[in-house]
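Observations on chain architecture
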Amino acid sequence: MTNDRQSWFRGVRSSKFRHVYGSPAKREKCYDNIKITKNAHDSQFCAVNPKFLAVVTEVAGGGAFLVLPLDNTGRLDFNASRVTGHTGPVLDIKWNPFNDNVIASSSDDCTVKLWHIPDGGLSRNLTDWLVELQGHKRRVGYIEWHPTAENILFSAGFDHLVIVWDISKGEAVNVIDRHPDAIYSMSLNRDGSLLATTCKDKKLRVFEPRSGVVVAEGVAHAGTKASKVVFLGASGRLLTTGFSRHSDRQYAVWDQHDLSAPLTCETIDSSSGIVFPFYDHDTNMVYLAGKGDGNIRYYEVVNEAPWVHYLSQFISGNPQRGLGIMPKRGINTSTCEVFRFYKLHATRGMCEPISMIVPRKSDQFQEDIYPDTIGTVPAMSAQDWINGNNSPPLLISLKTGGSITTHKPRVYKPSHMASAVDMNTKKKFAFLSTETVPDYRPRDYNEISEKSQKTSNNQTTKFHQLQQKFNNVALQNNIVSSTINDNKSSESTDIPNNEADLRLAYLRQNEELRLVRRQLANSQLRVKELEEQIRRNQLKSL
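1. A look at the packing of aromatic side chains
Where two aromatic rings form a pair, the distance of their centres and the angle of their planes describe that pair. A full pass over the atoms with the stated rule returns 13 aromatic pairs. Their ring planes at 65 degrees and their centres at 5.1 Å tell us that F339 and F341 sit as a pair that is edge-to-face. As far as the burial class goes, F339 and F341 line up, both buried. Among the aromatic side chains, those forming a connected cluster through ring pairs are F278, Y287, Y298, F339 and F341. The ring of F243 is capped by K225, whose NZ or CZ atom sits 5.2 Å from the centre of that ring.

2. Some words on the sheet that holds strand 25 (residues 285-290)
Across a sheet, strands are paired by hydrogen bonds formed along the backbone, either parallel or antiparallel in direction. The antiparallel open sheet is built from four strands, whose spatial order is 24-25-26-27. Each of the sheet's edge strands pairs with one partner strand only, and the pair in question is strand 24 (275-280) and strand 27 (308-314). When the angles between neighbouring strand axes are averaged without regard to direction, this sheet yields 25 degrees.

3. As for the sheet that holds strand 16 (residues 183-188)
Here we have four strands laid out as an open sheet, ordered 16-17-18-19, and antiparallel in their pairing. What marks the edges here is a single partner per strand, and that holds for strand 16 and strand 19 (213-219). The sheet shows a mean angle of 20 degrees between the axes of neighbouring strands, taken without regard to direction. As paired strands, strand 18 (residues 203-208) and strand 19 are joined by six bridges and run antiparallel to one another. When the bridges of strand 19 are listed, K203 appears paired with V219.

4. With respect to the nonpolar core
Generally speaking, a soluble globular protein has its nonpolar side chains buried in company with each other. In this structure, F65, I117 and Y287 are the most contacted members of the largest nonpolar core, which totals 59 residues. Excluding residues that lie within four positions of it along the chain, Y287 makes contacts with F276, P277, F278, D280, I296, R297, Y298, V338, F339, F341 and M356. Counting 16 residues, the second largest nonpolar core, distinct from the first, contains A149, V164, I176 and L188.

5. Quick word on empty space enclosed by the protein
Evaluated as defined, the whole model comprises three cavities of 30 Å³ or more. Each pocket or cavity is described by its volume, and for the largest cavity that value is around 1500 Å³. For the largest cavity, the lining is made up of 49 residues, of which K94, E144, F278, Y279 and I325 are closest to its centre. Counting only elements with at least two residues in the lining of the largest cavity, the list comes to strand 3 (46-48), strand 8 (90-95), strand 12 (140-145), strand 16, strand 20 (228-231), strand 24, strand 28 (320-325) and strand 31 (373-374). Here the lining of the largest cavity is built from residues that sort into 26 nonpolar, 12 polar and 11 charged.

6. Description of unusual backbone geometry
Here the residue pair A305 and P306 is connected by a cis peptide bond, since its omega of 10 degrees sits within 30 degrees of zero. Take P306: it is sitting in the loop between strand 26 (296-301) and strand 27. A positive phi angle is found at S247, which is not glycine, with a value near 65 degrees. Mapped onto the secondary structure, S247 falls in the loop between strand 21 (237-243) and strand 22 (249-255). The backbone phi angle of W307 is positive, close to 75 degrees, even though this residue is not glycine. In this structure, W307 sits in the loop between strand 26 and strand 27.

7. Regarding the pattern of salt bridges
On inspection of all chains with the given rule, the structure shows 25 salt bridges. Two residues, E132 and K113, come together in a salt bridge whose shortest N-O distance is 2.9 Å. Taken as a pair, E132 in strand 11 (residues 131-134) and K113 in strand 10 (residues 111-116) lie far apart in primary sequence, 19 residues in all. For E132, a relative accessible area of 27% puts it in the partly exposed group. For K113, a relative accessible area of 2% translates into the label buried. The partner of E367 in a salt bridge is K399, with the nearest N and O atoms 3.7 Å apart.

What counts and how
Residues numbered from 1 in each chain as written. Predicted model: local features only at pLDDT ≥ 70, side-chain atom pairs only at ≥ 80, totals over all residues. Heavy atoms only, no water. Phe/Tyr/Trp six-rings, centres within 6.5 Å; stacked < 30°, edge-to-face > 60°. Buried < 20%, exposed > 50% of the residue type's maximum accessible area, 1.4 Å probe, protein only. Lys NZ or Arg CZ within 6 Å of the ring centre and 35° of its normal. Pairing = 2+ DSSP bridges. Helix = DSSP H or I, 4+ residues; strand = E, 2+ residues; numbered from the N terminus. Axes fitted to C-alpha atoms, helices over the stretch in contact; angles between N-to-C directions. Core = buried A, V, L, I, M, F, W, Y, C linked by side-chain atoms within 4.5 Å. Contact = heavy atoms within 4.5 Å. 1 Å grid on protein atoms, 1.4 Å probe; cavity = no way out; pocket = protein on both sides within 12 Å on 5 of 7 lines; lining within 4 Å. Points joined across faces, edges and corners; volume = space filled by probe spheres on them. Nonpolar A, V, L, I, M, F, W, Y, C, P; charged D, E, K, R; others polar. Salt bridge = Lys/Arg side-chain N within 4 Å of Asp/Glu carboxyl O.

In structure tokens, the structure reads:
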């Protein structure tokens, strides 16, 4: 009897996450009336951080995605502002982990673009990007940010290439050309030193991304549909989801250095939707969500066989088109929330937050389920990573810095795409740094020449030309009439007869003086130029 009791208890595991449950948000906390894209591409079409929610939307021609402040819940205005700079459909979007105001998007137009979203959200359609990355020959299906290095972005295109970008320079660091077919997914490990990909040729590959060297390679799943991969943090293992030869959905766990055979492979069910894996390093939980169904299964990852333990599942009657996940620093610790999805409904235009909650009676901070998590400060610069350095992420405490929804990371200023203010400042400094050239012209000439130059620049239109012509004719008539009057008056006496004659004589003398001054100034300037030329010739001869 004792042996039977022990064998019965052997299958029960004690886990603090055994009773985790999913809690969908109330209707007023959802985002309604969104025209979610109907594109068949198998990405999430949704990205979220503690400030903003971004959703790819359906548009007629071109590509666009919606960006909303996180607290802007409820029914969306039909004419809400969007990011509309792509000329083809948007296929993937990802927020910069170190700047909550910068988002990257990849598109059918073969480009990756970076956008800056102001704190209050968009007040009009955004068409001006920060950086445009051009290098792919076909549409760009997936993008991923480096988890610890600043300004490093990975993009995978349907030209079978993975390009590593340094976005501060807008140029490629490396191009990985080791895939014979379309790339289905990619994932980076905890410190970003390894890159894993799944491909249409059914193979799982692990790369050293700076050199493009294949560390390990093996056949993942036998099915023909797309498989997905995620690194299980810094454990040295990967998890893939895919299909068996008989089209059953399955997951497998792998050793990153030996992909010849999986550590374990289990069947999930017989549905047809692609399964997306999401890993939470803080709780060692992995969530498997199928596209086109409403279930989210979650498992606990352990460091020994069977490597993954099934916990439970969140069941919903509304199928999902995509899922965005909130970074850990944006979750609510007071309700014991350990993960949060933003679910795009497949049948109606709604984005619904789903909180995964550990049931605890106390509302105090639970240190055992909230270890230090990834913060918003990069562990190293792009150049350090390119030079071969690796660094684990810099961590923050959720107790002292929990729910960092107003955190403003460092301002994003690409070196080659400065703002208008920066350009004006550069021009000012450039002007101040130029050598001062002395001006030997007389002060009167300087004033006259500047005034005459401005006048001549302004009088370039037809109207001014005509006006000038008629003024010249009138002036000639005045001069002729004044000459006749002067002749007449000179016959009688040398002194002008009236005030009008005096004014004309005064104007004529002023005009003569102005011409003489101009000739004198020109001659002085010419003398200075000749002296300078003589001095230069003497220096050359020496």
